[in-house]
Structure formats: C-alpha cells, structure tokens
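One letter stands for each residue in the lines below.
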Amino acid sequence: MMRGLARHEPSTGTVEIPREPRASMYWLDVNEERQLRAVTIAEGSRLVFGSRPPSHVILNDPTVSSMHCAVRCTDGRLFVEDLGSRNGLFVGSARVRQAELEPGSFFVLGRVSVVVRRDESTPDASDVEEPIPGLIGSAPCMLRLAKEVRRMAQLSFPVVVRGETGSGKELVARALHDLGPRAQQPFVAVNAAALPRELAEAELFGHERGAFTGAHVRRAGAFLDAQGGTLFLDEVGELSHEVQVKLLRVLEQREVRPLGSSMNIAIDVRVVAATWAPLERMVQEGRFREDLYHRLAVATVCVPPLRERRADIPRLAERFLREREADVGHKTLSPSALACLLGEGWSGNVRQLRNVVTRAAVVSEGEMIGSSDVSRALRDVPTNRTRMSGPAARALVAACDGKIALAARRCGVPRSTFRGWLEEA
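A few points on the structure. (Residues numbered from 1 in each chain as written. Predicted model: local features only at pLDDT ≥ 70, side-chain atom pairs only at ≥ 80, totals over all residues. Heavy atoms only, no water.)

**Notes on the environment of threonine 40**
Position of threonine 40 relative to the elements: it lies in strand E4 (residues 36-42). By relative accessible area, threonine 40 is classed as partly exposed at 37%. (Helix = DSSP H or I, 4+ residues; strand = E, 2+ residues; numbered from the N terminus. Buried < 20%, exposed > 50% of the residue type's maximum accessible area, 1.4 Å probe, protein only.)

**Considerations on unusual backbone geometry**
Here proline 53 and proline 54 are connected by a cis peptide whose omega angle stands at 15°. The residue proline 54 is located in the loop between strand E5 (46-50) and strand E6 (57-58) in this model. Here the phi dihedral of arginine 254 falls at roughly 55°; this positive angle occurs in a residue that is not glycine. Locating arginine 254 in the fold gives a position in the loop between helix H5 (241-253) and strand E17 (255-256). Among the residues examined, arginine 254 registers a relative accessible area of 40% and is labelled partly exposed.

**Side note on a nonpolar patch on the surface**
Together, Leu155, Phe157 and Val298 give the surface a local cluster of nonpolar side chains, amounting to about 220 Å² of exposed area. Classification of valine 298 as partly exposed rests on a relative accessible area of 45%. (Patch = residues over 30% accessible without salt bridge, like charges linked within 9 Å, V, L, I, M, F, W, Y side chains within 5 Å. Areas by Shrake-Rupley, 256 points an atom, 1.4 Å probe, with all protein chains shown as cover. Salt bridge = Lys/Arg side-chain N within 4 Å of Asp/Glu carboxyl O.)

**Notes on the packing of helix H1 (residues 140-153) against helix H2 (residues 169-178)**
Relative orientation of the contacting elements H1 and H2 amounts to 45°, with a least axis distance of 8 Å. As far as their axial angle goes, H2 and H1 are oblique. Every pair of crossing elements has a handedness; the one defined by H1 and H2 is right-handed. Taking contact as the criterion, the partners of Leu145, Val149, Met152 and Ala153 in H1 are, on H2, Val172, Ala175 and Leu176. Residue classes in the contact of H1 with H2 are distributed as seven nonpolar, no polar and no charged. (Axes fitted to C-alpha atoms, helices over the stretch in contact; angles between N-to-C directions. Parallel < 35°, antiparallel > 145°, perpendicular 65-115°, else oblique. Left-handed = near helix turned anticlockwise from the far one by under 90°. Contact = heavy atoms within 4.5 Å. Nonpolar A, V, L, I, M, F, W, Y, C, P; charged D, E, K, R; others polar.)

**So, the pattern of salt bridges**
Inspection of the entire model under this criterion finds 12 salt bridges. A salt bridge links glutamate 280 to arginine 162; its shortest N-O distance comes to 2.6 Å. Here the residue glutamate 280 occupies a position in helix H6 (residues 279-284), and arginine 162 occupies one in strand E14 (residues 159-162), the gap between them amounting to 118 residues. Linking aspartate 268 and arginine 254 is a salt bridge whose minimum nitrogen-to-oxygen distance equals 3.5 Å. On the criterion of sequence distance, the pair formed by aspartate 268 in the loop between strand E18 (265-266) and strand E19 (270-275) and arginine 254 in the loop between H5 and E17 is long-range, its members being 14 residues apart. By sharing partners, the salt bridges in this structure join Arg182, Arg254 and Asp268 into a single network.

**Brief notes about the sheet that holds strand E10 (residues 94-96)**
If you walk across this open sheet you meet the six strands as E4-E3-E13-E12-E9-E10, and the pairing is antiparallel. Looking at the sheet topology across the chains shown, the edges are occupied by E4 and E10. Between one strand and the next, the sheet's axes are offset by a mean angle of 30°, whatever the strand orientation. (Pairing = 2+ DSSP bridges.)

**Comments concerning the nonpolar core**
In terms of nonpolar packing, the biggest core is built from 35 residues, with Leu204, Phe223, Leu231 and Leu296 touching the most fellow members. Sorting the residues of this core by element identifies strand E15 (187-191), helix H3 (200-205), helix H4 (222-225), strand E16 (230-234), H5, E19, H6 and helix H7 (290-296) as the ones contributing at least two each. Examining the composition of this core, we find that five residues originate from one element, H5, more than from any other. In this structure, Ala337, Leu341, Ala360 and Val374 belong to the second largest nonpolar core, which totals 30 residues. (Core = buried A, V, L, I, M, F, W, Y, C linked by side-chain atoms within 4.5 Å.)

Just geometry here; none of it tells us what the structure is for.
Now the structure itself:
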C-alpha cells in the first residue's frame, strides 16, 4: 500500500482513499535581537541551533549555548530537542527537553524565538528594511502588507484598511500618506466612533459662525483641514445614515458645503477609511449605504492580527521596553518571559502587548523580567481577551435599555467590536 493512503476493502474490490499528506518541508522564522531570517528544514533533515560551529544555525546571542538545541523532520513531523543547554528550551510557556512542533507553534532558546510555518511564499525583503514607517513587522505577512501599501501609496483613490482593534490601522493609513505624493501635505485623523452624533456633520464638513446653537466661531472641518493631503476616517461604520449620505456627495462631487454656508468649496483630499466592522454585512442589513461602500472600498488593505505574526513579538517587546527605559530603567526579557508573551492570544493586538510589557517592566524588581512578571501583568492590565458570544452581547444590550454604546463601555471595548459580537449567532 502507498504511503499516505488508507485502504478499505469491500466485497467488490479495493478502494484507496487519499489522506492529506504530511508536510515535507517547514519554514522556521528565526527572530534575533534586530534581525528576522527564515531557514527551511526538509524531510529527513536535522538542524542544530547554537552560538558556535558545528551548529548549523549560528545565533549571535550570549544566552544561547554553543550547541543549544536540534530540530529534525521525520515522517513529515517536526521535533525539537534540548542538547543540554545552560538556559533551557521553551515550547509554549513550558521548559522542555523535547517536543513535537506544529505550524504556528514556536520555541525559545535564550533571547531568540523561532516560529514554525508551512507558508513558502516569503517575500524578498532585500529592499525593505522597515516594512512600514513606524510599524515594526518583518514577518512574511507584514512584508506582503508592506509591498501592498507601498504600491497603493502612489495612487489617489480611496482605500479601506481592515483590521482588529489595536492592530495598527492608523499606522498603515499614515504610511499610505507618508509614502505617497501627498506626504508634505496635512494628514488628519478622525475617529468616527468618538464623534457626537449631532456634531459629526459639523466636525467633518465644517460650519459657519451661528450655524447652530453653540457655534460661536467658524470651523473649517476635517475635510478642509486635510486639503491637499489625506483624511483618515477611523471606524467609518459608526457614521450615521445622514452623514453617510453627505459623505458620499462630498466624495462624488469633490466639494464640501459647511453648515450655515451657501457656497460649495472644492477639495483635493484622499480618504483612507478604517474599520473592524463587517461592512458587507452592514450593507446587507441596511446599516451602511451600498453606494458609499463601493465608493470607499476601491482598494482594501488588511492588517494581520498579532497572533498571525508572532515572529514580530520579540522586536515589538524590545521596542516598548526601550520607550519606557527612562521611567523603569534598563529591562530585559528572560527566555521564560519571552515564551509567555509568544504564547498569548493577543486579542487586543499590539496595543495590548504594549500595555502588558510596560506593566511587566514596572512590577519586575530586577533588571530581568521573568515569566511571573508577565503573568502578573496579564492579570493586572485590562484587556479584551474574553470574547462575548452573540446571545450574551444581545442580553447585555437589553439590560442596558437597548443602548449599544453603554454596553460596549461596560465591556471596555469599542462600539465596533461590540457590534461584531452582536452579529454573531
């Protein structure tokens, strides 16, 4: 019988049912202090990781032993084994002697993390030192995002940036501006979810003095503030139906009329909108205008969540520690602490990681941050780690007299996130 086939023998003959074959090659994303590189391991191969030859993968880390651990691929399965290292081998958050690895899993040796994947489509990063200005990310999915952003930055049509809360949507929007021909012009960011419903139109399109009660001075509005540059509309799905109608008119006619004015003003503004909410479903339910959706989503960029780019976590954590060094002093992550960070789900993405790393640095007594410090920080820092089911979310709204904003505040999440929970079965 052929390898990888299961045999079933009915009375009339033999039928072979193919099963999914095991992987014959894996990619290992090796994240050192300031470098991310990918190595491959194929069926029947064995790679030794260490700080000196005869190790196959040489790591420039004083906490890594000369021959620290070995990874082997046997019968399509991947295994890692500690070779008697000084500082141990961690898989998940546990110190182990040996373990089997699956795609998406990781191991830690010293201050180096290695993430396992099967994706072979690694972009050529030779011309990309920082994939996106201001946003750390050298994982393959981030390099693909960087190429997409650099290409779209040269264009002028609207873009919708999709991504979970805390994943870096505004940084991507800023990169679309900074890498394009409008870089020297204004970049204006507006959070639609934070706009009072009755003032959203005035904040976006401006108003004349005396246009409504409380309008004591003239206000240009976000569109005119961004003249010649880029307007970033975060959580665009939170705009009211009335404002959606006027936004569509502005995008089509390329001019605004401030409240209380009888004159239209021509504008030259690129709009980048961001959302976590499922706009397509909102269109089907009549909560978002279909014509506005098509006008905004000429192009779409998707920001990967942190759990899909774990290889970037060590560099992000180091960046946050450096940012806080003036307050907490010089701090470093122990191997066990790094393993704890890599093992988290990070539903709050990079924003949650920053909070946890900062808290761990504050509570750690010495220079070295341990796994207990990270565990304490994960308990102490408010996060969105628990996702509420659809029925539970709807029950909470009912208890809040139908007020979604109040229910979202009680959960400590944005309204767009809470709306996503409401739409689940």
